[in-house]
Amino acid sequence: MQPGMMQPGMQPGMMQPGMQPGMMQPGMQPGMMQPDVVMMQPDMMMMQPGMMQPGMPMGSAPGAPTPGMEPFDEAKARAQAKEERAQAAKQREKMGRLKAAEVERDRKISRSSSCVIWIVAMAFIFNVLLIIPLTGQNWGYRSFTGLGIKAMHFRTSIFMMEVEVLCGKNWLEDYLCKAGVKANGKHTLQQAVGIMCAISDSACSEMNRIYIASYILLVGEVIVCLLLLAGAGCIFYYWNSEPMPKFRGMGLTLLYISPLVGIASLTAWALIHPDLAVFPDAFTRGTTMLTGSTLFGIKSMDVFPYGWCFYMTALVLVSLLVCVAMVPCLFSKHPSETEYNEWR
């Protein structure tokens, strides 16, 4: 191929091998010359000292730190990473405590809700348990046997008194036994006072004590029932309607004092109520002057002068005291009490 001729596949204007810079290439018009092309050597690709890099401030030497930028500190970076991990751990711990507190709060709310229902049920149950012995017929009881009688039974309740004198041992003792037959039967306390006062002064005095003691116990037990119902009602209203501290405090106070009032009234009854063993001697005071000895030289066949009603009431009041003492352990204030007071 002659110089100046194009090789196959070459585009017009491309240099052929062997062509010197400034020579016309095939396809070029006369007068058109390519500028001399100087190939850049590889070592020219590297910036020589003293040359400026892009973004470098005027007058900065290569390799010098850029003003406003601190050099990388590995120890400081590690300390910062450690601090971030510690902060993350504290945050996780805080979230865990909040979640635990929320779980505990929900548990207390559930427990207190159940406790409110239990308090209301307790009030009704103990009212029934107190009413049963209150209407019973066996608060004070004594049975006797001995000279002049076949058997004698005394039984008192809050409203009634029952006397049963059984004769029939022999004709002489039956004659003497008739002194106590006057009091046979069931009588109201008012009627019993009149009967005993007709027999002797000592029997009248003892019967008056029974009358007073019975009404003290009656009033005391009624107050206990009312206190239980009022206290349970305040707690129920506090939890379901208005969570105000005054309702909570009022309800708990009424519940706390209810067993104390009951125990006080039962103790007063036991101290004032006489032992029924005094009545057989009181019946025979009139005949003693004639016979020279006490009719009914008798002995009581009972160890304790109280009937089942007394023991049941004592057991119910002690149980009530235990249940009321458990209320603070199960019941806590309403979670909305503070917000409700602020709103009010």
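Nothing here was measured: the structure is a model prediction, and the numbers come from that model. (Residues numbered from 1 in each chain as written. Predicted model: local features only at pLDDT ≥ 70, side-chain atom pairs only at ≥ 80, totals over all residues. Heavy atoms only, no water.)

K.L.:
Looking at this structure, how should I read the packing of helix α3 (residues 189-199) against helix α4 (residues 201-240)?
P.N.:
Two quantities define a packed helix pair, namely the angle between the helix axes and the distance between the axes. One way to put it is that α3 packs onto α4 with a least axis distance of 8 Å and a crossing angle of 165°. By the angle class used here, α3 and α4 are roughly antiparallel. By crossing handedness, the relation of α3 to α4 is classed as left-handed. Residues Leu189, Gln190, Ala192, Val193, Met196 and Cys197 of α3 touch α4, and the partners they reach there are Ala203, Cys204, Met207, Asn208, Ile210, Tyr211 and Ser214. (Axes fitted to C-alpha atoms, helices over the stretch in contact; angles between N-to-C directions. Helix = DSSP H or I, 4+ residues; strand = E, 2+ residues; numbered from the N terminus. Parallel < 35°, antiparallel > 145°, perpendicular 65-115°, else oblique. Left-handed = near helix turned anticlockwise from the far one by under 90°. Contact = heavy atoms within 4.5 Å.)

K.L.:
Would you take a moment to explain the state of the cysteines for this structure?
P.N.:
Chemically, a disulfide is nothing more than a covalent bond linking the sulfur atoms of two cysteines. Under the defined criterion, the tally for this structure stands at one disulfide. Shown here is the disulfide that connects Cys197 with Cys204, its sulfur atoms set 1.7 Å apart. Looking along the S-S bond of the Cys197-Cys204 disulfide, the torsion reads about 55°, which is the right-handed sense. (Disulfide = S-S within 2.5 Å.)

K.L.:
Help me out: how do you make sense of the side chain of His273 in this one?
P.N.:
For His273, the location among the structural elements is in the loop between α5 (245-272) and α6 (278-283). Judged by relative accessible area, which is 7%, His273 ranks as buried. For His273, the side chain forms a polar contact with the side chain of Thr156, separated by 3.4 Å. Discounting chain neighbours no more than four positions away, the residues touching His273 are Thr156, Arg209, Ile210 and Ala213. (Buried < 20%, exposed > 50% of the residue type's maximum accessible area, 1.4 Å probe, protein only. Polar contact = N/O pair within 3.5 Å; in protein donor to acceptor, adjacent residues only side chain to side chain.)

K.L.:
I'm lost on the environment of Tyr141 in this one. Help?
P.N.:
Mapping Tyr141 onto the fold places it in strand β1 (residues 140-146). Sequence separation between Tyr141 and Trp308 is 167 residues, and the spatial gap between their C-alpha atoms is 9.1 Å. One polar contact links Tyr141 to His153, side chain to side chain, over a distance of 3.2 Å.

K.L.:
Any chance you could explain the pattern of salt bridges here in plain terms?
P.N.:
Once the charged atoms of two side chains with opposite charge are near each other, the side chains can pair. Applying the stated criterion to the full structure yields three salt bridges. We note a salt bridge from Asp275 to Arg142, for which the minimum N-O separation is 2.9 Å. With Asp275 in the loop between α5 and α6 and Arg142 in strand β1, this residue pair connects regions lying 133 residues apart in the sequence. You can call Asp275 partly exposed: its relative accessible area is 31%. Judged by its relative accessible area of 7%, Arg142 falls in the buried class. With its nearest N and O atoms 3.2 Å apart, the salt bridge here joins Arg209 to Glu206. Residue Arg209 and its partner Glu206 are both found in helix α4; the two are separated by three residues, about one turn of the helix. (Salt bridge = Lys/Arg side-chain N within 4 Å of Asp/Glu carboxyl O.)

K.L.:
Would you mind showing me how to read the nonpolar core here?
P.N.:
Nonpolar side chains in soluble globular proteins tend to be buried together. Ranked by internal contacts, the top residues of the largest apolar core, which has 35 residues, are Ile119, Phe126, Trp139, Leu228, Ile235, Leu255 and Phe331. Of all elements in the fold, only α1 (74-134), α4, α5 and α8 (308-330) reach the threshold of two or more residues within this core. The dominant element in this core, judged by the number of residues it contributes, is α4, at ten residues. With sequence-adjacent residues up to four places away left out, Ile235 is seen in contact with Val116, Ile119, Arg248, Gly251, Leu252, Leu255 and Phe331. Residues Phe144, Phe154, Leu189 and Leu276 belong to the second largest nonpolar core, which totals 16 residues. (Core = buried A, V, L, I, M, F, W, Y, C linked by side-chain atoms within 4.5 Å.)

K.L.:
What exactly am I supposed to notice about a nonpolar patch on the surface here?
P.N.:
On the surface, Trp118, Val318, Val322 and Met326 cluster together into a nonpolar patch covering about 340 Å² of accessible area. In terms of residue count, the dominant contributor to the nonpolar patch is α8 (three residues). Within the element layout of this structure, Val322 appears in helix α8. (Patch = residues over 30% accessible without salt bridge, like charges linked within 9 Å, V, L, I, M, F, W, Y side chains within 5 Å. Areas by Shrake-Rupley, 256 points an atom, 1.4 Å probe, with all protein chains shown as cover.)

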